[in-house]
Amino acid sequence: MSEPMTYARYLALDELLAAQKPLSDRHDELLFIVIHQTKELWLKEIIHEVKLAKGLVAAGDLEPAYKALARVSRIQTIMTLSWDVLATMTPADYLSFRESLGTSSGFQSHQFRELEYLLGLKDESFLRFHAERPAALADLKAALEGPSLYDLAIAQLAAHGLALPAEVLGRDVAKPYAATQAVEDAWLAVYRDTKRWWELYQLAEKLVDLDDALLTWRYKHVLTVERIIGGRPGTGGTDGVGYLGRTLARRAFPELWSLRTRL
């Protein structure tokens, strides 16, 4: 006879609550672990929702995709707020256990890179950090080599009758996306006649919500890291705040930003 389902069993609480394994005796290390493990759980859900949205957009079923994308934006807000919790840790608190981290770094999060790939921020150089984890590497390669959410959104522009050149629609989707005038013109047409292109317009704004929230998360990350470690190098070998600051220039959906100047 099977045991009755309980809250603890359903959520695998014994396993979940045993997954925090501080390597030092410092009080604040538990907070550091919980914040980052929670981030990875939310990334798992975000990836789940983005994959659903990709399938819906690919099928031309745009309205149901809005819900998934709106959910992602709400999760991104929670993730950004979590930096405020981490910021309660002072530099002295962090430095008391930092050596325990070795060369580990959030820079090595395969789920964050997978999310970037799914949105359209392709960069195969990150694959090398996951060679020792075959399953994670396979997920990353699939996201890198498949069309991104933005590739699929652009394909919908063409499917709705907006003119786009073959080199845009047939590009190598594993390569970094480069903004083009043709794509900006197509989105501009959508924004100039929102009544006619209402579904595409709503999709575009949901994408901007995602990009906006991702940039806000990055910015808060920069501030939190600078507050805690200043200009010290990152544990993963980057130049810390300098590297993070450079990521603020990245846009997953560049033409959705640039078209605004022309409206």
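Description of the structure in this document. (Residues numbered from 1 in each chain as written. Predicted model: local features only at pLDDT ≥ 70, side-chain atom pairs only at ≥ 80, totals over all residues. Heavy atoms only, no water.)

Now for the pattern of salt bridges. Taken as a whole and judged by the stated rule, the model has 12 salt bridges. A salt bridge links Arg-171 to Asp-151; the nearest nitrogen and oxygen atoms lie 3.1 Å apart. Of this pair, Arg-171 sits in the loop between α9 (166–169) and α10 (181–192) while Asp-151 sits in helix α8 (residues 149–159), and the two are 20 residues apart along the sequence. For Arg-171, a relative accessible area of 19% translates into the label buried. Overlapping salt bridges bring together Arg-113, Glu-116, Arg-218 and Arg-250 as one network. (Salt bridge = Lys/Arg side-chain N within 4 Å of Asp/Glu carboxyl O. Helix = DSSP H or I, 4+ residues; strand = E, 2+ residues; numbered from the N terminus. Buried < 20%, exposed > 50% of the residue type's maximum accessible area, 1.4 Å probe, protein only.)

One non-glycine residue, Ala-12, lies in positive phi territory at about 50 degrees. Within the secondary structure layout, Ala-12 lies in the loop between α1 (7–10) and α2 (13–17). With relative accessibility at 30%, the residue Ala-12 sits in the partly exposed group.

For Glu-114, the position within the fold is in helix α6 (residues 110–119). The contacts of Glu-114, once residues within four sequence positions are left out, are Ile-47, Lys-51, Asp-139, Leu-140 and Ala-143. (Contact = heavy atoms within 4.5 Å.)

We now examine the environment of Pro-147. Among the structural elements, Pro-147 can be located in the loop between α7 (134–145) and α8. Since its relative accessible area comes to 36%, Pro-147 is described here as partly exposed. A C-alpha to C-alpha distance of 9.6 Å links Pro-147 and Ala-58, two positions 89 residues apart in sequence. For Pro-147, the contacting residues outside a window of four places in its chain are Lys-54, Leu-152 and Val-173.

None of the figures reported here should be taken as evidence of function without further support.
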